[in-house]
Amino acid sequence: MIRATLGGRLTAAALLRFGDSCYYLPARRELALILRESQADRRAHLIERYDCDDFAYAIKGEMTAHAYDTGELRYGLCVGLAWGRFDWMTSEAHAVNWAVTSDESVWFIEPMTDDIYPFERCLGGVGLLLV
């Protein structure tokens, strides 16, 4: 599903890595609620010390903690990290989060602002997707 959705946005050598065999697909609204409570975007951007990849790791950690703390979920949330080019950033490569929601839509999350974007906002060059 991911390869079909992202199609030409993945590099020829793109790596997709899934740590588990099953994931919980949250509703987009649920994803937004978790992000609203997120503390990751409240930290200062520090080049090479707390930059885009660190923000993305922090969001992934918060999503994992949410699934754990909820106690009702059988699986972790289908939220991970991606590196690519996006129309809201000017840099060549940028680390963001991505998610698959309950309607099987793919979304990108800007971890420094918690904004959620449809997959069409990805310009391409996605070389790595982790979850």
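Calculation criteria
Residues numbered from 1 in each chain as written. Predicted model: local features only at pLDDT ≥ 70, side-chain atom pairs only at ≥ 80, totals over all residues. Heavy atoms only, no water. Helix = DSSP H or I, 4+ residues; strand = E, 2+ residues; numbered from the N terminus. Rg over C-alpha atoms; globule rule 2.2 N^0.38 Å. Buried < 20%, exposed > 50% of the residue type's maximum accessible area, 1.4 Å probe, protein only. Contact = heavy atoms within 4.5 Å. Areas by Shrake-Rupley, 256 points an atom, 1.4 Å probe, with all protein chains shown as cover.

As annotated in an unreviewed UniProt entry, the protein carries the name Lectin MOA-related protein and comes from Nannocystis bainbridge.

K.L.:
So, the overall build of the protein: which residues are in play, and what are the values?
P.N.:
Within the protein, the regular secondary structure consists of 3 helices and 6 strands. Secondary structure elements of the protein occur, N-terminal to C-terminal, as α-β-α-α-β-β-β-β-β. For 131 residues, the compact-globule formula gives about 14 Å, and the C-alpha radius of gyration of the protein, at 14 Å, lands near that figure. Oriented by its inertia axes, the alpha-carbon framework of the protein measures out at about 40 × 35 × 25 Å. A total of 131 residues make up the protein; the buried ones form 40% of that total. Relative to all contacts within the protein whose residues are 6 or more apart in sequence, the contacts with residues 24 or more apart total 59%. About 7100 Å² of surface is accessible on the protein, with carbon and sulfur atoms providing 51% of the total.

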